[in-house]
Amino acid sequence: MPTLFLHNSLTRKREAFVPLDPTHVRMYVCGPTVYDLAHLGNARPVVVFDVLARLLRRLYPRVTYVRNITDVDDKINARAAATGEAIGAITARTTADFHADMAELGALPPDVEPAATQHIAEMIALIERLIASGHAYAAEGHVLFSVHSFADYGHLSGRSPRELLAGARVEVAPYKRDAGDFVLWKPSTPEQPGWDSPWGRGRPGWHIECSAMSWRYLGETFDIHGGGQDLIFPHHENERAQSLCAFPHGGFARLWMHNGMLLVNGEKMSKSLGNFRTVRDVLALAPGEAIRLLLLKTHYRAALDFTEAALGEARRELDRFYRALEMAPDAPASPEIPAPVLAALCEDLNTPGALAAMHALADAALGGDREAAAGLRAAGAVLGLLGADPAAWFRGGGDDAAAIEAAIAERLAARKARDFARADAIRTALASRGIVLEDGAGGTTWRRAG
RNA sequence: GGUCCGGUGGCAGAGUGGUGAUGCAGCGGACUGCAAAUCCGCGAAUGUGGGUUCGAUUCCCGCCCGGACCUCCA
């Protein structure tokens, strides 16, 4: 078994992955704030860390993968105020939509998916610890984390508190001791969601939930913490400060992993820029599996520029993989991941390299190598690809199969009569509906083209 | 301004101090009534200027270009 190497954002180096407990790997990944449909940028970390979780499960006996749901946030409050919909309704619906969309992308659910609002008690306990140890202070109904109290602040994001202060582009609240101090707890108005606390009725700041929930489900220290690159600062820097100050002997996450941003026309896709494509928008253009492949065709740490051309290419690439599997329809997935695929994944999750190795397997499978087909299926399983029946991939998604078969039979009769004009007319008519015919030795088959 | 990341064939995208993966697209051929698919073959790339080295796309420095972050963000 090859050694798994992963790039650690904290050390900025590729490191051999050595779990704290080789019998139980623990990973936390930041999940969505549920106020709107997921966009492709939200989907990238879900897919990337889904692959990592699948790989870890193949390498270690037990994996606990935690991904939170942020269901208390001022963006949610703003949405409720703007639309009149109740907060609970917004978060419940958006969470369900998120689950449905991620399932379309072939992402397995995490082992634990804690919601922030279900862990307010843990957050309050954590904040009390921080106050007791001098790392936080209450002021005007708020509780703030004292950046000054944590010598390692800025380590993860690679900046000094002085730089952070100089770069601050937001007005500094008067109750902050230091401009870099951030909110752990803030007061709520009667209309805003709130919980009773030692500091009055209020709600948590953004970062404390992840510290609280990773603590609850993974302990004071765990193996991997993941998320998007844009979360490094302030979210992960602050989360790390909170957790390390609350549990000075814990160590918190040992390995930090951050996926690169998703761009559209060279610009970052984000809700604030308004240039985002929701997963649903893109699912209208291509199957979820093609979107998933598109996301895995680029190494997770690099920026990925989304284009519809690339989406079409991903779909054609899947056509070839499924053709290879069709050559050996009853070949089961082999128990072992083919060595070249596993080797690529163990090199910091090099999914493009793994896909290249899969193309070699597909070539062999197309040549009749059943073992290669079985290996291709196994490789697909680690990447969360190729789980469909090839027949469903090529011919699913419509209820016109009988009509198509009838047209094919008619064309066959015309061909037998050597009436090629008639036969070609039928083929052209089908092609205009996106149906491509393939005349083979065993008869005519058809598929839907992208 | 500060910090960080990146610039590879037409496009996408890996790896590598010693003849530059893979896919998509294109071109030629086989197969086909014609196609499609498949197979065989072909052309095609390391931003720029220096340095280190027997040798640099890879390591170092400058420059140009692009992107991210600097308290909404995956």
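Every residue gets a number counted from 1 within its own chain, in the order that chain's sequence is written. Lettering of chains starts at A and numbering of ligands starts at 1, both following the order in which they are written. A pLDDT threshold of at least 70 governs which residues receive local features in this predicted model, and a stricter bar of 80 or more applies before side-chain atom pairs are shown or counted, although totals over entire chains, interfaces and linings include all residues. The side-chain numbers reported here are obtained from all heavy atoms of the structure, hydrogens and water having been left aside.

The secondary structure content of chain A amounts to 16 helices and 15 strands. Over its C-alpha atoms, taken along the principal directions, chain A stretches across nearly 90 × 55 × 35 Å. Only protein chains enter the accessibility calculation, which uses a 1.4 Å probe; a residue whose area is less than 20% of its type maximum is buried, one above 50% is exposed, and one in between is partly exposed. Within chain A, buried positions represent 51% of all 450 residues. Partitioning the intrachain contacts of chain A with sequence separation of at least 6 by distance along the chain shows that 76% fall at a separation of at least 24. Accessibility throughout is a Shrake-Rupley quantity obtained with a 1.4 Å probe, and a residue counts as covered only by protein chains that appear here. Counting only carbon and sulfur atoms, one obtains 53% of the accessible surface of chain A, whose full area is about 19,600 Å². Here a strand is any run of E in DSSP of at least two residues, a helix any run of H or I of at least four, and the numbering for each starts at the N terminus. Contacts between residues were defined by any pair of non-hydrogen atoms, one from each residue, lying within 4.5 Å.

Right, let's get into the sheet that holds strand β7 (residues 182–187). Two strands are said to pair when DSSP picks up at least two bridges between them. The strand order β5-β6-β7-β8 describes an open sheet built from four strands, whose pairing is antiparallel. Looking at which strands have only one partner, the edges of the open sheet turn out to be β5 (136–139) and β8 (202–204). Strand-to-strand twist of the sheet, defined as the mean angle between neighbouring strand axes without regard to direction, takes the value 20 degrees. Examined bridge by bridge, β7 and β8 share three bridges and lie antiparallel to one another. Each residue of the ladder has a partner; that of proline 187, found in β8, is glycine 202. Every axis in this analysis is a line fitted to C-alpha atoms, fitted for helices over the stretch in contact. Angles between the N-to-C directions lie between 0 and 180 degrees.

The next point concerns the confidence of the model for chain A. Per-residue confidence for chain A gives a mean pLDDT of 92; residues scoring 70 or more make up 97%. Scoring the predicted complex yields pTM 0.95 and, for the interface, ipTM 0.94. For every residue, the predictor states its confidence as a pLDDT score lying anywhere from 0 to 100.

Residue position: aspartate 73 is located in the loop between β4 (63–67) and α2 (74–83). On the basis of relative accessible area, aspartate 73 is assigned to the buried category, the value being 12%.

Note that the domain bounds were set by an automatic or database domain assignment. You can read the domains of chain A as domain 1 (12–259), domain 2 (271–393) and domain 3 (396–448). Placing the centre of domain 1 and that of domain 3 at their C-alpha centroids yields a distance of 55 Å.

By definition here, a salt bridge exists when the distance from a side-chain nitrogen of Lys or Arg to a carboxyl oxygen of Asp or Glu is within 4 Å. Inspection of every chain in the model, using the stated rule, returns 28 salt bridges. When the shortest N-O distance is used, the salt bridge between glutamate 122 and arginine 216 registers 2.6 Å. Separated by 94 residues along the polypeptide, glutamate 122 in helix α4 (residues 120–132) and arginine 216 in helix α6 (residues 208–218) bring together distant segments of the chain. A relative accessible area of 15% places glutamate 122 in the buried class. Two residues, arginine 323 and glutamate 438, come together in a salt bridge whose shortest N-O distance is 3.9 Å. Of this pair, arginine 323 sits in helix α10 (residues 308–326) while glutamate 438 is found in strand β14 (residues 435–440), placing the two residues 115 residues apart along the sequence. For arginine 323, a relative accessible area of 29% gives the class partly exposed.

We now examine the protein's contact with RNA strand B. Lining the immediate environment of RNA strand B, one finds 51 residues, of which Trp206, Leu231, Lys268, Met269 and Arg427 sit closest. Put simply, a residue is near a molecule or strand once any heavy atom of it comes within 4 Å of that molecule or strand. Backbone atoms, meaning sugar plus phosphate, form 60% of the atoms of RNA strand B positioned within 4 Å of the protein. Polar contacts, as counted here, are pairs of nitrogen or oxygen atoms within 3.5 Å of one another; within protein the pair requires one atom able to donate a hydrogen and one able to accept it, and residues that are adjacent in sequence qualify only if both atoms are side-chain atoms. Here threonine 298 contributes a side-chain N or O atom positioned 3.4 Å from a phosphate oxygen of RNA strand B. Between RNA strand B and aspartate 424, the relevant distance is 2.6 Å, taken from a base nitrogen to a side-chain nitrogen or oxygen of the residue. Of all the secondary-structure elements, those providing two or more residues to the surface near RNA strand B are α1 (40–59), α5 (161–167), β9 (221–228), α10, α12 (351–366), α15 (401–416), α16 (420–432) and β14. Of the residues forming the surface near RNA strand B, the biggest block, five residues, is contributed by α10. Looking at the surface near RNA strand B residue by residue, the class counts come to 15 nonpolar, 17 polar and 19 charged. Amino acids outside the nonpolar list (Ala, Val, Leu, Ile, Met, Phe, Trp, Tyr, Cys, Pro) and the charged list (Asp, Glu, Lys, Arg) are all regarded as polar, and Gly is one of them.

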